[in-house]
Protein chains: 2
Amino acid sequence: MSITSDILRGHTEAIILSNLIEQDSYGYQINKDIMKKTNNAYELKEATLYSAFRRLEQAGCIRTYWGDETVGARRRYYAITEEGRKAYQGYKQEWQEAKEIIDKLLK
Amino acid sequence: MSITSDILRGHTEAIILSNLIEQDSYGYQINKDIMKKTNNAYELKEATLYSAFRRLEQAGCIRTYWGDETVGARRRYYAITEEGRKAYQGYKQEWQEAKEIIDKLLK
DNA sequence: GAATATACCTCATCTGTCAATGTATATTCC
DNA sequence: GGAATATACATTGACAGATGAGGTATATTC
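Residues numbered from 1 in each chain as written. Chains lettered and ligands numbered in written order. Predicted model: local features only at pLDDT ≥ 70, side-chain atom pairs only at ≥ 80, totals over all residues. Heavy atoms only, no water.

(A) Molecular detail of the overall build of chain A. Along chain A, the regular secondary structure elements total 5 helices and 3 strands. In sequence order, chain A lays out its α and β elements as α-α-β-α-α-β-β-α. Across the 107 residues in chain A, those meeting the buried criterion constitute 43%. Sequence-distant contacts, at least 24 apart, represent 53% of the contacts inside chain A between residues at least 6 apart. Here chain A displays about 6,000 Å² of accessible surface, and carbon together with sulfur accounts for 46% of that area. Here chain A contributes 17 positively and 16 negatively charged side chains, and the mean placements of these two sets differ by 2 Å. (Helix = DSSP H or I, 4+ residues; strand = E, 2+ residues; numbered from the N terminus. Buried < 20%, exposed > 50% of the residue type's maximum accessible area, 1.4 Å probe, protein only. Contact = heavy atoms within 4.5 Å. Areas by Shrake-Rupley, 256 points an atom, 1.4 Å probe, with all protein chains shown as cover. Lys, Arg positive; Asp, Glu negative; His and termini not counted. Charge placed at Lys NZ, Arg CZ, Asp CG, Glu CD.)

If you want it as structure tokens, here you go:
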């Protein structure tokens, strides 16, 4: 991992939601996707991932169900809710604004 | 303030250093500058500012001296060190990378 | 049968942010 | 005269998100 967690902090939930907008997924897979998308520059720690899931579920942004795998380890799938889609739009908007602000400040 | 602190978290020190590269300054002024630069979209809380000063000094990124004001409240000035300039370059680099990564992830 | 990959989960700890609180000086305005 | 506001610095305790360390279980590869 090349970028510090304090910079990614605050984006965890948005990153997860972004993944779930494409399709329902489960923890392990989401993490793999993130690594792939960033060419291994960023990896969510498991504990971070699961605590974010808990927050997102509590907030009504995702719902969860168990996969029906007959082989291999069981998978807990997550699906984004309507609430979650709204939240995601908000996060994206916020990111665009934050980007501008930080760019201004780090000139 | 319109953008959440979790997103700015991790940029505080870089923002301060950026300010000190322009000129020596003091806490109150730095905060005012930040507000001005961001059109009041972002304001460092005082406690955040001062704890960042402490970290930066500890890390050798800034040094401090008292101003010689004869009127008004005393001012504690901060100056960036060579170490601090290097750190700032690192922060800027990191920000460029982080920006790309987050942009990829929030597509 | 040992190692590795897949897959889930929890707890204690760490770190940065911030509300609240305190001190002191100077200016403005009624 | 005095009340409000602006300037300026500083500390403390609480909070929240990130994470290292630990745990469980199944399947495959060598």
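(B) Local environment of helix α5 (residues 82-105) of chain B. Here α5(B) contains 24 residues, and its C-alpha end-to-end distance of 35 Å stays within 8% of the 34 Å for a straight helix at 1.5 Å per residue. Residues of α5(B) that are buried include every one of Gly84(B), Tyr88(B), Glu94(B), Trp95(B), Ala98(B), Lys99(B), Ile101(B), Ile102(B) and Leu105(B), and no others. Check the buried side of α5(B) and you find it contacts α1 (5-8), α2 (12-22), α3 (27-37) and α5 (82-105) of chain A together with α2 (12-22) and β3 (76-80) of chain B. (Expected span 1.5 Å × (residues − 1).)

(C) Focus on the interface of chain B and chain A. At the junction of the two partners, chain B supplies 33 residues and chain A supplies 33 residues. With both sides pooled, the region where chain B packs onto chain A buries about 3,200 Å², and carbon together with sulfur makes up 66% of that total. Among the residues chain B hides against chain A, the three largest losses belong to Ile7(B), Leu105(B) and Leu106(B). Together they make up 23% of the total. Counting across the interface, chain B meets chain A through 4 salt bridges. (Buried area = accessible area lost by both parts, 1.4 Å probe. Salt bridge = Lys/Arg side-chain N within 4 Å of Asp/Glu carboxyl O.)

(D) Just the sheet that holds β3(B), in detail. Residues and elements named next belong to chain B. Spatial strand order, β1-β3-β2: 3 strands in an open sheet with antiparallel pairing. The sheet terminates laterally at β1 (25-26) and β2 (62-66), the two strands that pair on one side only. In this structure, β1 lies alongside β3, joined through 2 bridges in antiparallel fashion. Paired with tyrosine 26 across the strands is tyrosine 77, a residue of β3. (Pairing = 2+ DSSP bridges.)

(E) Seen up close, the sheet that holds strand β1 (residues 25-26) of chain A. What the 3 strands build is an open sheet, ordered β1-β3-β2 (chain A); its pairing is antiparallel. Of all strands in the sheet, those with a lone pairing partner are β1 and β2 (62-66) of chain A, marking the two edges.

(F) Focus on the relation of the copies chain B and chain A. The operation relating chain B to chain A is a screw motion whose rotation component is 180 degrees, with 0.0 Å of axial translation and a residual RMSD of 0.0 Å. Here the two chains are linked by the operation of a two-fold rotation axis. When the interface residues of chain B are mapped onto chain A, 100% of them again lie at the interface, so the same face is used by both copies. (Least-squares fit on C-alpha atoms with pLDDT ≥ 70 in both.)

(G) Spotlight on the protein's contact with DNA strand D. Ser5(A), Arg9(A), Thr12(A), Arg75(B) and Arg76(B) are the nearest of the 25 residues found near DNA strand D. For DNA strand D, the backbone makes up 70% of the atoms found within 4 Å of the protein, where backbone means sugar plus phosphate. Tyr28(B) places a main-chain nitrogen or oxygen 2.7 Å from a phosphate oxygen of DNA strand D. Breaking the surface near DNA strand D down by element, the ones donating at least two residues are α4 (46-58) of chain A together with α3 (27-37), α4 (46-58) and β3 of chain B. The element that contributes the greatest number of residues to the surface near DNA strand D is α4(B), accounting for 4 residues. (Near = heavy atom within 4 Å. Polar contact = N/O pair within 3.5 Å; in protein donor to acceptor, adjacent residues only side chain to side chain.)

(H) Up close: the pattern of salt bridges. Under the definition given, this model contains 10 salt bridges over all chains. The salt bridge partner of Lys99(A) is Asp103(B), with a shortest N-O separation of 2.9 Å. Note that Lys99(A) is positioned in helix α5 and Asp103(B) in helix α5, a pairing that runs across two chains. A relative accessible area of 14% means that Lys99(A) is categorised as buried. A relative accessible area of 28% places Asp103(B) in the partly exposed class.

These figures capture arrangement, not role.
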